[in-house]
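Topology and contacts: notes
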Amino acid sequence: MADISLTLPDGNQRSYPAGVTGAEVAADISKSLAKAAISCSIDGRHSDLSQPINADAAFAIHTIKDEAQALELIRHDTAHIMARAVQELWPDVKVTIGPVIEHGFYYDFDRAEPFSVEDLDQIEKKMREIINRRDPVTTEIWERDRALKHYEANNEPYKVELVGMIPEDQAIRMYWHGHWQDLCRGPHLVHTGQVPADAFKLMKVAGAYWRGDSARPMLQRIYGVAFRNKDELKAHLTMLEEAEKRDHRRLGREMDLFHMQEEAPGQVFWHPNGWTIYTTLQDYMRRRQTEGGYVEVNTPQVVDRKLWVASGHWDKYQENMFIVEVDEEHAREKAINALKPMNCPCHVQIFNQGLKSYRDLPLRMAEFGSCNRYEPSGALHGIMRVRGFTQDDAHIFCTEDQIESETRIYIDFLASVYRDLGFEKFKVKFSDRPDKRAGSDEVWDKAEAALKSATIATGYEFELNPGEGAFYGPKLEFVLTDAIGRDWQCGTHQVDFVLPERLDANYIGEDGAKHRPVMLHRATLGSFERFIGILIEEHAGRLPFWLAPRQVVVAAIVSDADDYVRDVVAALKARGIRAEADIRNEKINYKVREHSVGKVPVILACGMREVGERNVSVRRLGDKQTSTASLDEIVNALAIEATPPDLARRA
RNA sequence: GCCGGUCUAGCUCAGCUGGUAGAGCGCCUGAUUUGUAAUCAGGAUGUCGGGGGUUCGAGUCCCUCGACCGGCACCA
C-alpha cells in the first residue's frame, strides 16, 4: 500500500502506510505519548485514534492537556457512560440522544418511572464502576438495514428513528464500550478509563420532549457536568454557588426592591427602592430618546377586539392575550376587549390621525408602553419573564430606503445606552425569513440586506438565526446574559411590512400619491422588568452610583452626633443625592454591616471627631479602608458621581 | 402548557415510622453611647400554600387546586 505523509504540529513530516491509525502514529512517536493520547486531529478535524488515515494530512495527537478536545471527549463519553449505567441499572429504559453542552452533557431517556435524586447517586456510582472497567471503545460502520434490524430486535424505537434520519450519504457508526452499544458519530476516547472518575457530577433531572416537539412524548433528561479533573469540577460548582448569590430574585428581596405574590403571578410589586431604579432608568431613557429624535406618546391599555382583529393579533396571538369582557349598559352583547400585549397597533392609530407627508418620515414614535401578555405558566421567571411589563418601545415609520440608515442610527443608539448601563458586550442575532411569511421575496431581500449591512457598518458581528424572523419581517435581537449564563433577549429591532398594510397607514409622497410606510419595531431595554433583572445580576446588586436606590447612608457613631448627621443628610439631599440618616442606637459595626449587605454604595460615618471638624469618614461598599473628607468636598464629589452618564456628557 | 421537585414565623431552615410546632437572623422592649461587616438581656412570632378526604387524632398519609423552582415547549 502507498505511503502517506503526516505533517506534525512542529512541522516535521513522517510517512506511514496508508490506513495507519492515530494510535499507531502515537505509539511510533513515543511510548508515553501513546499512553497519554486521547484523540487526534486530521487536517483540523477532531477524530478518534482508531480512525484509519488514508491520505496526506496535517496531524496532531491530543492529550488531556488540550482543553477543548479533552473536554469534548470527556463530556461526550461521560454521556454514553451515563446511558450505559442507566441501562445496566434498569434494562427496560430506552435510550435516545445525549449531546455535549456547555460545561457538560445530557442524555434523554424513556422510562415509565421518574428518576429521583437517589437514582442519580446510584447512577453516578455505577458510572464510576464502568469507568474503572476501562473497557476499550470500538466503532464499526454498518449498513443501514443491519443497524435498523439491530435496533428493532433490541426494542430501541428511538434509535430506529434516529438511524432513519441519518442522511443517505452519511455512514452509520456503531459504537461500543464493553457489551454496551450506541449509535454515535464520535469521536471517542480510547477506553472508558480515560474519563476522570472524580470530575463529573449529575446535576438535575428534567422533562424534555422527544426531538423538541411538544406533540411528541416527554422523555426524562439527566443533566451532568464533566471536567478534566476534580479541581475544575470544584471551581465550576463554586461558580454556581457564587452565581446563586447574584440571582435577582434573591437580591430583590435582600435589597427590598420588589416582591411578587400568588394573587398576581408574573407581575411585579415594586417597592420604593426598586421603583427608584425603575424611574431613574426611565428618566434616563426618556432623555436619550428625546435626544435621539423620538416623540413620546401614550396609548390605551384596554382596547376593543376590533383593533386586534384588524392588526391580526386576534388570529395569531389570542392565546397570549388577557381578554376583558364588559357588560356595557343596555348592550345586548358583552363588549370584548383585550389588554394590549403590544403597542404597535395603537401607534399606527396615532400615525393615522391626519395626513402624513414624506417630509414627516422617518417618524420615531416612542412609548413607555405597559403591556400584558398571558405567558405560559412554565415560562415565568422572576422579573425576567413576566405577564405584566413595560417596554421602552418605539416604532419608526419610514420608507424602504430609510431602513438601513435608521437601523444604523438605532444600533449606535442601543450600544451607547448599553455602555452607559455597564454592558460593554452583547450578542447580536439576526433572524431572517421564515418559511411562512408575508411579503414578496424582493422586499425580503431588500430588508435583510439593509439590516445586515447596517449591522456590519456599526462594527458588530451577528449570529445568524436562520428562519427565525417574524412572519412580517426580519429582525435583529440584542442579547444579554444573566448570572448563570442564560441568554435573555433585551433589545430588538424588527422590520414590518405587514402592519402598515393591515391598518392602512400611508403618507403622501413627493409624487403626490399615497404610499405605504415601513414600520421598524424597536426596543432597547426590552422591558424595564427584564432589564432591571439583568442589571441587578450583572452588577451583583452593586448598581452604578447614579442608579443605586439608596446612594448614601449617614451613620451616627454616638448619639451626640445625631444633629450633625441630619445636617449632612440635608446637604446631600439638597444636591439631589438619595441619602438617609441612620441614628439608631446601634454600634457602628452593626450599621456598616447592615448597609453593606443592603448594597449601599457609600456610608458616611460621623462621630464626635467629625462633628468637631465638620468632615465625614467615607466608606465605599466593598472597601476595607475608610477615608476622611470635608463635608463640602464629599457633597460635591458625590453630586458629580450621581449625575447620570448622559447628563455628565453634556456638562 | 408538559415533566420533576418544593411550599412550616418577615428571611433561612429543623420537625423520626401520624399524638394539636421549633432554631438562628430579623422584629418589639429594656440596658448599653458605641470608631467601620452582627453589644447584651427579655418578649411576641404561625389558619404548617388553599380546599377536601382517611383517622379517635394530620405539618406528617391520600385527592385536588394554586404558586414557586429547574428543565422542555413557547417567546409578535
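Our structure is the block above this text.
Here's what I pulled together on the structure shown here.

Cut-offs and rules
Residues numbered from 1 in each chain as written. Chains lettered and ligands numbered in written order. Predicted model: local features only at pLDDT ≥ 70, side-chain atom pairs only at ≥ 80, totals over all residues. Heavy atoms only, no water. Helix = DSSP H or I, 4+ residues; strand = E, 2+ residues; numbered from the N terminus. Contact = heavy atoms within 4.5 Å. Near = heavy atom within 4 Å. Polar contact = N/O pair within 3.5 Å; in protein donor to acceptor, adjacent residues only side chain to side chain. Nonpolar A, V, L, I, M, F, W, Y, C, P; charged D, E, K, R; others polar. Phe/Tyr/Trp six-rings, centres within 6.5 Å; stacked < 30°, edge-to-face > 60°. Pairing = 2+ DSSP bridges. Axes fitted to C-alpha atoms, helices over the stretch in contact; angles between N-to-C directions.

Let us now look at the side chain of glutamine 194. Looking at the secondary structure, you find glutamine 194 in the loop between β13 (180-183) and β14 (200-209). In this structure glutamine 194 touches Lys35, Ala37, Ile38 and Leu189, once residues within four positions along its chain are discounted.

Here we take up unusual backbone geometry. For the peptide bond that leads from glycine 186 to proline 187, omega is -5°, which places it in the cis range. Within the fold, proline 187 resides in the loop between β13 and β14. Leucine 361 connects to proline 362 through a cis peptide bond whose omega is -10°. Mapped onto the fold, proline 362 is located in the loop between α12 (344-351) and β22 (363-372). The phi torsion at histidine 103 lies on the positive side, around 75°, for a residue other than glycine. For histidine 103, the position within the fold is in the loop between β9 (100-101) and β10 (104-110). With a phi close to 65°, lysine 599 is a non-glycine residue in the positive phi region. Take lysine 599: it is sitting in the loop between α18 (588-597) and β33 (602-606).

What surrounds RNA strand B is a group of 55 residues, the closest being Met342, Asn585, Arg593, Ser617 and Arg619. Within 4 Å of the protein, atoms of RNA strand B come from sugar and phosphate in 53% of cases. The contact in question runs from a phosphate oxygen of RNA strand B to an N or O atom on the side chain of arginine 253, over 3.3 Å. Measuring from a phosphate oxygen of RNA strand B, one finds a side-chain N or O atom of arginine 486 at 2.9 Å. Of all elements in the fold, only β14, β15 (218-226), α8 (248-254), α11 (313-316), α18, α19 (608-613) and β34 (615-620) reach the threshold of two or more residues within the surface near RNA strand B. Top contributing element to the surface near RNA strand B by residue count: α18, with seven residues. Looking at the surface near RNA strand B, its residues break down into 23 nonpolar, 16 polar and 16 charged.

Turning to the packing of aromatic side chains, a few remarks are in order. Summed over the entire model, instances satisfying the criterion amount to 27 aromatic pairs. The interplanar angle of 70° and the centroid separation of 5.7 Å between the aromatic rings of tryptophan 90 and phenylalanine 115 together place this pair among those described as edge-to-face. Pair noted here: tryptophan 90 is in the loop between α3 (67-89) and β8 (94-95) and phenylalanine 115 is in the loop between β10 and α4 (117-133), with a separation of 25 residues, a long-range link. An aromatic cluster is present here, built from Tyr294, Tyr410, Phe413, Tyr418, Phe423, Phe426, Tyr460, Phe478 and Phe531 joined pairwise through their rings.

With mixed pairing, the five strands of this open sheet are ordered in space as β2-β1-β7-β4-β5. The open sheet has two edge strands with one neighbour each: β2 (13-17) and β5 (45-47). When the angles between neighbouring strand axes are averaged without regard to direction, this sheet yields 35°. Of the pairings in the sheet, the one linking strand β4 (residues 39-42) to β5 comprises three bridges and is antiparallel in character. Each bridged residue has a counterpart across the sheet, and for serine 41 the counterpart in β5 is histidine 46. Against the sheet, helix α1 (residues 22-29) touches β1 (3-7), β2, β4 and β7 (57-62), its axis set at about 125° to β2.

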